[in-house]
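What the coordinates show
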Amino acid sequence: MARVESGDEQKRRAAERAAELVEDGMSVGLGSGTTAELFVRALAPRVAAGLRLRCVATSGRTELLANQLGIPLVDLSAQLDLAVDGADAIERGTLAAIKGRGGALTREKIVAQASGRFVLVGDGSKLVERLSDVSPSMPVPVEALQFGWRMTRLRLAALGDPILRERGGAPFVTDNGNVVIDLYSSPLDRAADLAVSISGIPGVVDHGLFLDIASLALIAEPGGILELRRV
Ligand code: 5RP
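Structure report, in brief. Everything numeric in this text was worked out from a predicted model, so none of it was measured.

What follows covers the pairing of strand β8 (residues 140–144). Counting buried positions over the 5 residues of β8 gives 5, a clear majority of the element. Residues V140, V142 and A144 line one face of β8 and the alternating positions P141 and E143 line the opposite face, and both faces are buried. Where β8 lies against strand β12 (residues 179–184), 5 bridges are found, and the strand directions are antiparallel. Looking at β12, one finds that P141 is bridged to D182. Direction of pairing for β8 relative to strand β13 (residues 204–207): antiparallel, over a ladder of 3 bridges. The residue bridging E143 from the neighbouring strand is D206, located in β13.

Set out below in structure tokens:
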């Protein structure tokens, strides 16, 4: 009987394929989350063998891992060649994505938009025909300033059901010192309009809708890696 591959194994295969895109001398954005960490791990032996890279980490956790693995980090001060990151949902065709379950969405978006090429990686569970298929069960994470966050949440309530993210009974705080409000909105069939509306609310730092940013998605499936380009 054929062995069933786990989601983690699929993530690893997708991450390793993405690592093949990295060439000597590149500047590379390192995403956050379990799949992005597998990408960082896939780079490590090549860096140890002499691959020269300048990398930018999108979270404290990724920074720690890169440091442990000897991957050289720099501040983001110029355009990057490539960035690789995971996602919570990726829409086939447009490669529009929802990101931010790990709370690193703002730095992830800054790095993604600073990259000549932004590549999403994931296991098969991340691929959806339309983002509206996963709402309302998957929220759009919104990073907001702590100052006045209840007011920000009140304004977000005009767009859906906003829930303050908590960890261990206390508000979850991002690497930037902000809170995350998870916005359940149904249906998510006009993501671009929703993105504009969220961004217009005072106190919002950024949101997890990554629209028109990714040019390639590498999705691991049982038979291989699906390479999807934005259409
Ligand atoms: C963190 C993210 C992650 O990339 C996203 O949540 C996917 O994570 P994972 O690879 O662990 O499934 O956006 O802010």
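Picking up after the structure, the text goes on.
By the definition in use, this model includes 1 aromatic pair. The ring of F210 carries K109 above its face, with NZ or CZ at 5.1 Å from the centroid. The positively charged end of R165 is found above the aromatic ring belonging to F172, 5.6 Å away from the centroid.

Within the chain, L95 stands out as a residue other than glycine whose phi angle is a positive 60°. Relative to the helices and strands, L95 is located in the loop between β4 (89–91) and β5 (97–98). Here the phi dihedral of D212 falls at roughly 55°; this positive angle occurs in a residue that is not glycine. Along the chain, D212 turns up in the loop between β14 (209–210) and β15 (216–221). Overall, D212 belongs to the exposed group, its relative accessible area being 59%.

Conventions adopted
Residues numbered from 1 in each chain as written. Predicted model: local features only at pLDDT ≥ 70, side-chain atom pairs only at ≥ 80, totals over all residues. Heavy atoms only, no water. Buried < 20%, exposed > 50% of the residue type's maximum accessible area, 1.4 Å probe, protein only. Helix = DSSP H or I, 4+ residues; strand = E, 2+ residues; numbered from the N terminus. Pairing = 2+ DSSP bridges. Phe/Tyr/Trp six-rings, centres within 6.5 Å; stacked < 30°, edge-to-face > 60°. Lys NZ or Arg CZ within 6 Å of the ring centre and 35° of its normal.

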